[in-house]
Amino acid sequence: MNLLEEYRRANFFFESGDPRGAAKLLEPIVEAEPHNSAVRQLLARAYFNSAQLNGAETQLRALIEHDPSDHYAHHVLGRTLERAGRFREALPHLRLAAAMKRQPDYQDALRRVETWLGKSAPE
């Protein structure tokens, strides 16, 4: 199997709106290349977009374990936990992502979870 070609196919599936199809193609690539962060991130996004939240959480935690300063992985993990209704667990990841990188969607997700938890956003 040509991993690069399979990754390109998976990316095409993902961009074409078929995250489940992309995930099926990406799973064996992640097994073959467990330290490839780009592949693991796309698999996490494919799982998230197809509501396979446990799979997304597993991949995102692996990314964070490999690189704790990965703000995007923290943000998407926070969003994954938020989507699963696990707001208290989501909050630290969303706060960290928002502190590491000023991005409107990071701030929006943080405010949303703080509101759910009845906390006011820091000024």
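The rules behind these values
Residues numbered from 1 in each chain as written. Predicted model: local features only at pLDDT ≥ 70, side-chain atom pairs only at ≥ 80, totals over all residues. Heavy atoms only, no water. Helix = DSSP H or I, 4+ residues; strand = E, 2+ residues; numbered from the N terminus. Contact = heavy atoms within 4.5 Å. Domains from an automatic or database assignment. Buried area = accessible area lost by both parts, 1.4 Å probe. Salt bridge = Lys/Arg side-chain N within 4 Å of Asp/Glu carboxyl O. Polar contact = N/O pair within 3.5 Å; in protein donor to acceptor, adjacent residues only side chain to side chain. Nonpolar A, V, L, I, M, F, W, Y, C, P; charged D, E, K, R; others polar. Buried < 20%, exposed > 50% of the residue type's maximum accessible area, 1.4 Å probe, protein only.

**A few points about the side chain of Gln 59**
Mapped onto the secondary structure, Gln 59 falls in helix 4 (residues 53–66). Aside from chain neighbours lying at most four places away, what touches Gln 59 is Val 30, Arg 40, Leu 43, Ala 44 and Tyr 47.

**A short note on the domain arrangement of the protein**
Along its sequence, the protein is carved into domain 1 (1–59) and domain 2 (68–122). Here the C-alpha centre of domain 2 lies 23 Å away from the C-alpha centre of domain 1. Roughly 780 Å² of surface becomes buried between domain 1 and domain 2 when both sides are summed, with 61% attributable to carbon and sulfur atoms. When residues of domain 1 are sorted by the area they lose upon contact with domain 2, Phe 48, Leu 53 and Glu 57 head the list and together hold 68% of the total. Here domain 1 and domain 2 share one salt bridge between them. The interface formed by domain 1 and domain 2 contains three residue pairs in polar contact (both at pLDDT 80 or more). Among the secondary structure elements, those contributing two or more residues to the side of domain 1 that touches domain 2 are helix 3 (37–49) and helix 4. In terms of residues, the side of domain 1 that touches domain 2 owes the most to one element, helix 3, which gives four residues. Taken together, the residues of the side of domain 1 that touches domain 2 break down into four nonpolar, two polar and two charged.

**Re unusual backbone geometry**
For Ala 51, which is not glycine, the phi dihedral falls at a positive 60°. Examined against the element boundaries, Ala 51 turns out to sit in the loop between helix 3 and helix 4. The partly exposed category is assigned to Ala 51, whose relative accessible area is 48%.

**Regarding the environment of Phe 14**
The residue Phe 14 is located in helix 1 (residues 3–15) in this model. Judged by its relative accessible area of 8%, Phe 14 is buried. Sequence-distant contacts of Phe 14, defined by excluding residues within four places in its chain, comprise Pro 19, Ala 22, Leu 42, Arg 45, Ala 46 and Asn 49.

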